[in-house]
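# Structural overview for review
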Amino acid sequence: TDFEYATVLEVHGEPGPEQEVALEFDGEGKVRLKLEDLGRFSWLGDDIAADLAANLREFRMESIDGCVDCGATHVFMGRDQVEKEVEALAWLRQETAARLEEAEELRRENEELKRERDEFRLQYPQLFEGEGELVGEAEDPSESSPGGGT
């Protein structure tokens, strides 16, 4: 089983097998096809990296399962398939590095915000008396609203 990755450029028509999509396959130009003409396909969700990793794993497991089922000891893959997997893995490495960098930046930002909060608490302890509520905060929302109350 071979697989291709394509970018959906446009979706045409109502959902179902007659629905058409305009696709671009790895920069090889655009094509418009009915979903039923695509054969087996998967829509990648919100997390493309997770979906790509799952698709690569699934493809590899299909190869291994097929090998086990027929008693083979080797899996043959065409050069194009290997090149596509190498490209996908390179992209995953870059995506993972970018996500790690973003996570580290968010961690640093969170630590800075915690330090600022602690400094604010030290400067204005009267605002933090009680159980985490600001002093002077109205318990009944109608008491603080203009024209509120009974």
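We now turn to the structure provided with this report. (Residues numbered from 1 in each chain as written. Predicted model: local features only at pLDDT ≥ 70, side-chain atom pairs only at ≥ 80, totals over all residues. Heavy atoms only, no water.)

### Quick word on the overall build of the protein
Basically, it comes down to this: Here a strand is any run of E in DSSP of at least two residues, a helix any run of H or I of at least four, and the numbering for each starts at the N terminus. Throughout, exposure labels follow a simple rule: accessible area from a 1.4 Å probe, protein chains only, divided by the maximum for the residue type, with under 20% read as buried, over 50% as exposed, and the rest as partly exposed. Note on contacts: a residue pair qualifies if any of its non-hydrogen atoms lie within 4.5 Å across the two residues.
Across its full length, the protein carries three helices and three strands. Start at the N end of the protein and walk to the C end: the helices and strands fall as β-β-β-α-α-α. Looking at the protein as a whole, 13% of its 150 residues are labelled buried. Across the protein, the fraction of contacts at a sequence separation of at least 24, relative to all contacts at a separation of at least 6, is 27%.

### Notes on helix H1 (residues 48-70)
Quick note on the threshold: Every helix has an expected span of 1.5 Å times one less than the residues it contains.
The end-to-end C-alpha distance of H1 is 33 Å, a good match for the 33 Å that 23 residues give at a rise of 1.5 Å each. Regarding H1, the residues found buried are Ala 49, Leu 52, Asn 55, Leu 56, Phe 59, Ser 63 and Cys 67. Among the structural elements, helix H2 (79-123) are those in contact with the buried residues of H1.

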